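Here are the chains, one letter per residue:
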Amino acid sequence: MVKKNVPDWLNSSLWTTAPSSPSASSSDDPSKPAISPSKTTSEPNFEPPIPVRPPTVTREGQPPPPPPSLSQKPEIKDKNSRTSITSNANSSSSSSIDKDEDRDGENGASPAAGPSAEDITKQAQLLTELSKKVVNVKELRKIASQGLPDGAGIRSTVWKLLLGYLSPERSQWSSELAKKRSQYKIFKDELLMNPSEITRKLEKSTLDDEPKSESRCVLSRSEITHDEHPLSLGKTSVWNQFFQDSEIIEQIDRDVKRTHPDLHFFCGDSSFANSNQEALKSILVVFAKLNPGIRYVQGMNEILAPLYYVFKSDPDEEMAACAEADTFFCFVELLSGFRDNFCQQLDNSVVGIRSTITKLSQLLKEHDEELWRHLEITAKVRNGFKSIEQVNPQFYAFRWITLLLTQEFNFADSLHIWDTLLSDPEGPQETLLRICCAMLILIRRRLLAGDFTTILKLLQNYPPTNIRHLLYVANKLRHVPTC
C-alpha cells in the first residue's frame, strides 16, 4: 500500500507509545495491558493536560437531585458510563467496547479527587472576565476553547455569550433577557393554544363587538366561519393546521421521552423530570411551528438537551426559572449554523449533509492519507468470499455531525466538547469536523488492522476516550501543515 501525505507528527507519542516497562507494549495489542498517553517516554511537551473527573450522572432508581440553589447544582454521576446517554444502537455493545479500550490504552483518563490547579485558575479567570462591564468575547473564547469548569454556573453564562444571546455589555443583560423571555411567552400563548380556545376567544370578541339586543329575549349568536369549523380542510383553518401539527407533536413527545433515559434530570416519575420533559416539548413544538421549512427532525431533542440542562442547572434561581425561554433562543442560534443538515431538500447540495461528510473525508485525506485509503478500500468477507468495499463515511459520520457528538460520549464529556464547539470564532461546524477527524486518527491502528465489519462496529460504537486529549489533537489539526 502506498503511503502518501502521512506527516511525521502522526507517529508522535501522543498515540504511539514506546514500552516503559517489560509488561507494557503496543496499545493496539488486545492481549496486552494498555499504556496511557500520560506515561509517554518521548516528546513530553506534547502531553495533553490530565483530565479532571466530571460530576456524576444521577441514575434511575436513585432519589432525584434537589432543585438548583445558589450553593448547589444538580450533579452528574458515573463519568465512565456510556450507556446512560447513548442511543439504543450504542448501548448493546458499550460494555465490550469499554473492555477493548482499556486494553487499547487510548482512554488515558485518570481519576482525580477534585478540581485541578488549572481548573481553579481557569475559573478565576472566567469570573474576572464575566464581572467586567464589557466582556471581552475574544478572550472568553480563548479560555473556553480548552473546556469550562463545571461549577459556579459559569458554563450557563458563557454559552449564552458565545451564542450571541447575551451582548458583551453587562448593563444590557437585564433588558435583553426580559424582552426575549416576554417574546417566548407570546410564542407559547399563540402557537400552543388549542383551536377550541381560539374559537372561544373569537366568539367572545364577536360578542363584545356586537351591539346589545333591544330585547332580552333575543340571544345573540356568533357565527362560525368555514375556516373555524373542526372539519374544515381550508389552508387557513386553525383546526386543519392543528390536526397536521398533531403528527409532529406526537413524534416530539415520543423522542423527548427517550431523551437520556438513564438521567433522572430528564426521565423518571418525579415532577422535576416531568417538568423538564414538558419544557423540551414546548421548545421543539414552538420551533417547528415557527420554522415550517424544517419543522421538527428526529434528533433535535438530543441537541436541545445539553442546552436546557446547563441553563436549568444554573445556581442563580432566577436564571434557572427562565431556562426554557433562554434555551429556545440559544437553540435557534445554535441550529442556524447547522440548519442545512436538517433540510432533506438540501441533502445533495453543496451545503447539505452529504457535502459536509465529504469535507470530513477530505480532511482525513489531508492529515492521514494512509488511513483514508484504508477506509476507502477495505476487505469484506461475505459467505466465504472476499470482496473490496468502501467504509462509507455516512455509515458513522451522519450521526456524529447531525447530533453534534451527543451520542458518542457520555453526557458530561459532551458538555466539554460543546465548550470547544461554541468557542471557536470560525464557527462550530469547522471545529466539529476537526474533532471527528481526530476521533478517526486516535484509533487509527485499530482501524488499519480491522476489516469492514470490525471497522464499522468500532466507528458506530466509538470507544471511550480522554476528551481533553481528543480536543488537543483536534486543535493540532488546525495548525499542522498538510503535505
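Details of the structure are given in the entry above.
Computed from a prediction, not measured in an experiment: that's the story for all the values here.

**Here we look at the overall build of the chain**
Counting its regular elements, the chain contains 20 helices and two strands. For the chain, restricting intrachain contacts to residue pairs at least 6 apart in sequence, the fraction spanning at least 24 positions comes to 70%. When the accessible surface of the chain is split by element, carbon and sulfur atoms take 53% of a total near 23900 Å².

**A few points about the environment of Arg155**
Structurally, Arg155 can be placed in helix α5 (residues 154–162). Sequence spacing of Arg155 and Leu126 is 29 residues, and the spatial spacing of their C-alpha atoms is 9.7 Å. If we skip the residues at most four places from it in the chain, Arg155 touches Leu148, Pro149, Asp150, Val310, Leu415, His416 and Asp419.

**Let's talk about the nonpolar core**
If you look at the biggest cluster of nonpolar residues, it comprises 102 residues, and the most contacted ones within it are Phe266 and Phe331. Considering every element that reaches this core, the biggest residue donor is helix α17 (residues 428–442), with ten residues. In this structure, Phe331 is in contact with Ile283, Leu284, Phe287, Met300, Ile303, Leu304 and Leu307, ignoring residues within four places of it in sequence.

**Points about helix α14 (residues 369–376)**
The buried fraction of α14 is high, at six of eight residues. Inspection of α14 places Glu369, Glu370, Leu371, Trp372, His374 and Leu375 among the buried residues, and these make up the whole buried set.

**Quick notes on the pattern of salt bridges**
All told, the structure shown has 17 salt bridges when counted by the stated rule. The residue Asp255 makes a salt bridge to Arg258 at a minimum N-O spacing of 2.6 Å. Asp255 gets classed as buried once you look at its relative accessible area, which sits at 3%. Between Arg478 and Asp424 there is a salt bridge, with its nearest N and O atoms 2.8 Å apart. With a gap of 54 residues between them, Arg478 in helix α20 (residues 467–479) and Asp424 in the loop between α16 (411–423) and α17 connect regions that are remote in the sequence. Of the residues examined, Arg478 reaches a relative accessible area of 32% and is grouped as partly exposed.

**Let's talk about the packing of helix α6 (residues 173–191) against helix α9 (residues 271–290)**
Viewed as axis vectors pointing N to C, α6 and α9 meet at an angle of 80°, and their least axial separation amounts to 10 Å. Classified by the angle between their axes, α6 and α9 sit roughly perpendicular to one another. Every residue of α9 that contacts α6 at Tyr184, Phe187, Lys188 and Leu191 is listed here: Ser282, Ile283, Val286, Lys289 and Leu290. Across the contact of α6 with α9, the residue classes break down as six nonpolar, one polar and two charged.

**Considering the side chain of Asn410**
Inspection of the secondary structure assignment puts Asn410 in the loop between α15 (394–402) and α16. Classification of Asn410 as buried rests on a relative accessible area of 7%. From its side chain, Asn410 meets the backbone nitrogen of Asp413 in a polar contact 2.9 Å long.

**A closer look at helix α19 (residues 452–460)**
In an α-helix, one full turn covers 3.6 residues, which means residues spaced three or four apart are oriented alike. Taken as a whole, α19 has its buried residues at Phe452, Ile455, Leu456, Leu458 and Leu459. The arc that holds every buried residue of α19, seen down its axis, measures 165°, which confines them to one face.

**Structural notes on the packing of aromatic side chains**
If you walk through the whole model with that rule in mind, you get 15 aromatic pairs. With a centroid separation of 4.8 Å and 75° between ring planes, the pair formed by Phe265 and Phe266 is classed as edge-to-face. By the burial criterion, Phe265 is buried, and Phe266 matches it. Ring geometry for Trp400 against Tyr462: centres 6.0 Å apart, planes inclined by 90°, an arrangement best described as edge-to-face. Here Trp400 is found in helix α15, whereas its partner Tyr462 is found in the loop between α19 and α20, with 62 residues between them in sequence. Each member of the pair, Trp400 as well as Tyr462, carries the same accessibility label: buried.

**A word on the state of the cysteines**
Under the definition given, this model contains zero disulfides. Cys437 takes part in no disulfide bond, and the closest cysteine sulfur, belonging to Cys436, lies 8.8 Å away.

**Observations regarding the environment of His367**
Considering the arrangement of structural elements, one finds His367 in helix α13 (residues 353–367). Residue classification places His367 among the buried positions, given a relative accessible area of 2%. Along the chain, His367 and Leu477 lie 110 residues apart, while their C-alpha atoms are 7.6 Å from each other.

**A look at the environment of Lys359**
For Lys359, the location among the structural elements is in helix α13. Of the residues examined, Lys359 reaches a relative accessible area of 40% and is grouped as partly exposed. For Lys359 and Glu430, which are 71 residues apart along the polypeptide, the C-alpha to C-alpha distance reads 9.5 Å.

Definitions and cut-offs
Starting from 1, residues in each chain are numbered consecutively following that chain's sequence as written. Totals for whole chains, interfaces and linings use every residue, but because this is a predicted model, local features are given only for residues with pLDDT of at least 70 and side-chain atom pairs only at 80 or more, for both listing and counting. Each side-chain value is derived from all of the structure's non-hydrogen atoms; neither hydrogens nor water enter the calculation. Under the DSSP-based scheme used, a helix requires at least four consecutive residues in state H or I and a strand at least two consecutive residues in state E, with every element numbered from the N terminus. The contact criterion used throughout is that any non-hydrogen atoms of two residues lie within 4.5 Å. Reported accessibility uses the Shrake-Rupley method at a 1.4 Å probe radius. Residues are deemed covered only where the shown protein chains occlude them. Residues enter a nonpolar core if they are buried and are Ala, Val, Leu, Ile, Met, Phe, Trp, Tyr or Cys, with the set joined through side-chain atoms within 4.5 Å. Burial status follows relative accessibility: with a 1.4 Å probe on protein chains alone, a residue under 20% of its type maximum counts as buried, one over 50% as exposed, and anything between as partly exposed. Salt bridges are counted wherever a side-chain nitrogen of Lys or Arg sits within 4 Å of a carboxyl oxygen of Asp or Glu. For helices, the axis comes from a line fit to the C-alpha atoms of the stretch in contact; other axes are also lines fit to C-alpha atoms, and the angle between any two N-to-C directions lies between 0 and 180 degrees. Angle categories are assigned with fixed cut-offs, so that under 35 degrees is roughly parallel, over 145 is roughly antiparallel, 65 to 115 is roughly perpendicular, and the rest are oblique. Residues are grouped as follows: Ala, Val, Leu, Ile, Met, Phe, Trp, Tyr, Cys and Pro are nonpolar; Asp, Glu, Lys and Arg are charged; all remaining types, including Gly, are polar. We define a polar contact as two N or O atoms separated by no more than 3.5 Å, with the added condition that, inside protein, one atom must be a possible hydrogen donor and the other a possible acceptor, whereas residues neighbouring each other in sequence contribute only through side-chain atom pairs. Along the arc lie the directions from the helix axis toward the C-beta atoms. Put simply, two rings from Phe, Tyr or Trp (the six-membered ring, in Trp's case) pair if the centres are within 6.5 Å, and we call them stacked under 30 degrees between planes, edge-to-face over 60, tilted for the rest. The criterion for a disulfide is a pair of cysteine sulfur atoms lying within 2.5 Å.

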